Amino acid sequence: MITRRAECSCGRLSATCSEEPFRIAVCHCLACKRKTGSAFGFGAWFRKGDVLIEGDATEFVRVGDEGSRITQGFCPNCGATLFWTNDKLPGVVAISAGCFADLSFPPPSVSVYHESRRFPWVEIRTKQLEKRG
């Protein structure tokens, strides 16, 4: 069993994950671009029982493209978004994969809004990449 630890920029908010993620994806939606300040979001999905969140998190709730309520947990000190949940996926927590700061972290297998919202200069090179949207 592998244990992974993700942290915000200042280290006051962390997530320790006791199992491997069951989904790793990049997302090119506008909300993920705004959340990360980058060309796409990069997230790993875990069962909630396999994640221990430590530290204080401030929450921001937004409505997703399909009507779900997405609650983002971010550090009130440095502002980094560490995790989020989706009310239509109970028992699941997604962790910002870049917060693991681990070059051996597994690559994404899904690219959401790949054709419709991806910047044309972004190329995701990984085996068996499922392209959605």
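Scroll up for the structure.
Residues numbered from 1 in each chain as written. Predicted model: local features only at pLDDT ≥ 70, side-chain atom pairs only at ≥ 80, totals over all residues. Heavy atoms only, no water.

Colleague: Please provide a residue-by-residue account of the sheet that holds strand S11 (residues 130-132), values included.
Modeller: Judged by pairing direction, the sheet is mixed, and its eight strands sit side by side in the order S6-S7-S8-S9-S4-S3-S10-S11 without closing on themselves. One side of each edge strand has no neighbouring strand; the edge strands of this open sheet are strand S6 (58-63) and S11. Adjacent strand axes in the sheet meet at a mean angle of 25°, parallel and antiparallel pairs treated alike. Where strand S3 (residues 23-27) and strand S4 (residues 41-47) come together, five bridges link them in antiparallel fashion. Bridge pairing links cysteine 27 to glycine 41 in S4. (Pairing = 2+ DSSP bridges. Helix = DSSP H or I, 4+ residues; strand = E, 2+ residues; numbered from the N terminus. Axes fitted to C-alpha atoms, helices over the stretch in contact; angles between N-to-C directions.)

Colleague: Got a sec to walk through the pattern of salt bridges? Specific residues and values, please.
Modeller: For the coordinates displayed, the defined rule picks out five salt bridges. The network of salt bridges with common partners includes Arg4, Glu20 and Asp102. (Salt bridge = Lys/Arg side-chain N within 4 Å of Asp/Glu carboxyl O.)

Colleague: Hey, could you go over the environment of cysteine 78 for me, with residue numbers and the actual values?
Modeller: Mapped onto the elements, cysteine 78 comes out in the loop between strand S7 (69-74) and strand S8 (81-86). Judged by relative accessible area, which is 32%, cysteine 78 ranks as partly exposed. Taking the C-alpha atoms as reference points, cysteine 78 and leucine 89, separated by 11 residues in sequence, lie 27 Å from one another. The residues contacting cysteine 78, other than those within four sequence positions of it, are Cys8, Ser9 and Cys10. (Buried < 20%, exposed > 50% of the residue type's maximum accessible area, 1.4 Å probe, protein only. Contact = heavy atoms within 4.5 Å.)

Colleague: Residue-level account of the nonpolar core, with values.
Modeller: Formed by 19 residues in total, the largest nonpolar core has its most connected members in Phe46, Val51, Leu82, Ile95 and Phe100. Every element with two or more residues in this core is listed here: strand S2 (14-17), S4, S8 and strand S9 (92-96). Of all hydrophobic cores here, the second largest spans 12 residues; its members include Cys29, Trp45, Val92 and Val112. (Core = buried A, V, L, I, M, F, W, Y, C linked by side-chain atoms within 4.5 Å.)

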